[in-house]
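Close look at the chain arrangement
What follows is each chain in one-letter form.
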Amino acid sequence: MRDQRGFTLIELLVVIIVLGLLVGLVGPRLFGRVGQSKVAAARAQIELLGASLDQYRLDTGSYPTTAQGLDALQRNPSVTNWNGPYLKKDVPKDPWGNPYKYRCCPGQRGDYDLWSEGADGQPGGEGENADITSWENAQK
């Protein structure tokens, strides 16, 4: 029996404990990065939607109304000089699966307001739950 090769129960337990410690120490750092990358993706999408809204305004003379919404970037809302679609794909949802909020003509913070309410889908919040907005994007 002593000639058989393999791992002892103690060796397997040591390996499992070491792996558990690694996951415990490294895991939270990696999961924090996932939240940061979603915030960065939302900022980038808001920036791209803003550029599409500006192109829409150049063609038609005004931004889409709140009632027309961001769908006006994809489908003509019966506006003259519409030269879209202004997006290659459908209007994206934010990285948490919620639609972007849009208010226009005018918005409360500028010509238009465009924002995501973050991971919690509620106004305000901190960290990953904080709102990502077009008016703060313009300042950064």
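Above this text is the structure in question.
The notes below deal with the structure included here. What you see is a predicted model, and the numbers here were worked out from it, not measured in a lab.

**Quick notes on the overall build of the protein chain**
When helices and strands are counted, the protein chain shows two helices and three strands. When the elements of the protein chain are put in sequence order from the N terminus, they spell out α-β-β-β-α. For the protein chain, whose C-alpha radius of gyration is 24 Å, the value lies well above the compact-globule estimate of 14 Å for 140 residues. The principal-axis extent of the C-alpha atoms belonging to the protein chain is close to 90 × 30 × 25 Å. Each of the 140 residues in the protein chain was classed as buried or not, and the buried ones make up 27%. Intrachain contacts of the protein chain at a sequence separation of at least 6 include 42% that bridge at least 24 residues. Accessible surface, the protein chain as shown: approximately 9900 Å² in total, 56% of it carbon and sulfur. Averaging the positions of the 15 positive and the 16 negative side-chain charges in the protein chain gives two centres separated by 6 Å.

**Quick word on the packing of aromatic side chains**
The full count for this structure, using the stated rule, is five aromatic pairs. Measuring from centroid to centroid gives 6.2 Å for Trp115 and Trp135, while their planes differ by 55°, and the two rings are tilted. Of the two residues, Trp115 sits in strand β2 (residues 112-116) while Trp135 sits in helix α2 (residues 134-139), which places them 20 residues apart along the sequence. With a relative accessible area of 13%, Trp115 lands in the buried category. Aromatic ring contacts, followed pair by pair, group Tyr56, Trp82 and Tyr86 into a single cluster.

**As for the environment of Asp131**
With respect to the secondary-structure elements, Asp131 resides in the loop between β2 and β3 (132-133). Looking at Asp131, the relative accessible area reads 24%, which means it is partly exposed. Distance in space between the C-alpha atoms of Asp131 and Gly118 is 5.1 Å, their sequence separation being 13 residues.

**Let's talk about the pairing of β2**
With five of five residues buried, β2 is to be regarded as a mostly interior element. By the alternation rule, side chains of β2 split into Tyr112, Leu114 and Ser116 and Asp113 and Trp115, which are all buried. In this sheet, β2 lies alongside strand β1 (residues 101-104) in antiparallel orientation, the contact comprising four bridges. Note on β2: the bridge partner recorded for Cys104 is Tyr112.

**Here's the deal with the state of the cysteines**
Scanning the entire structure with this criterion turns up one disulfide. Here Cys104 is linked by a disulfide to Cys105, with a sulfur-sulfur distance of 2.3 Å. Of note, the bridge from Cys104 to Cys105 carries an S-S torsion of about 70° and is right-handed in sense.

The rules behind the values
Residues numbered from 1 in each chain as written. Predicted model: local features only at pLDDT ≥ 70, side-chain atom pairs only at ≥ 80, totals over all residues. Heavy atoms only, no water. Helix = DSSP H or I, 4+ residues; strand = E, 2+ residues; numbered from the N terminus. Rg over C-alpha atoms; globule rule 2.2 N^0.38 Å. Buried < 20%, exposed > 50% of the residue type's maximum accessible area, 1.4 Å probe, protein only. Contact = heavy atoms within 4.5 Å. Areas by Shrake-Rupley, 256 points an atom, 1.4 Å probe, with all protein chains shown as cover. Lys, Arg positive; Asp, Glu negative; His and termini not counted. Charge placed at Lys NZ, Arg CZ, Asp CG, Glu CD. Phe/Tyr/Trp six-rings, centres within 6.5 Å; stacked < 30°, edge-to-face > 60°. Pairing = 2+ DSSP bridges. Disulfide = S-S within 2.5 Å.

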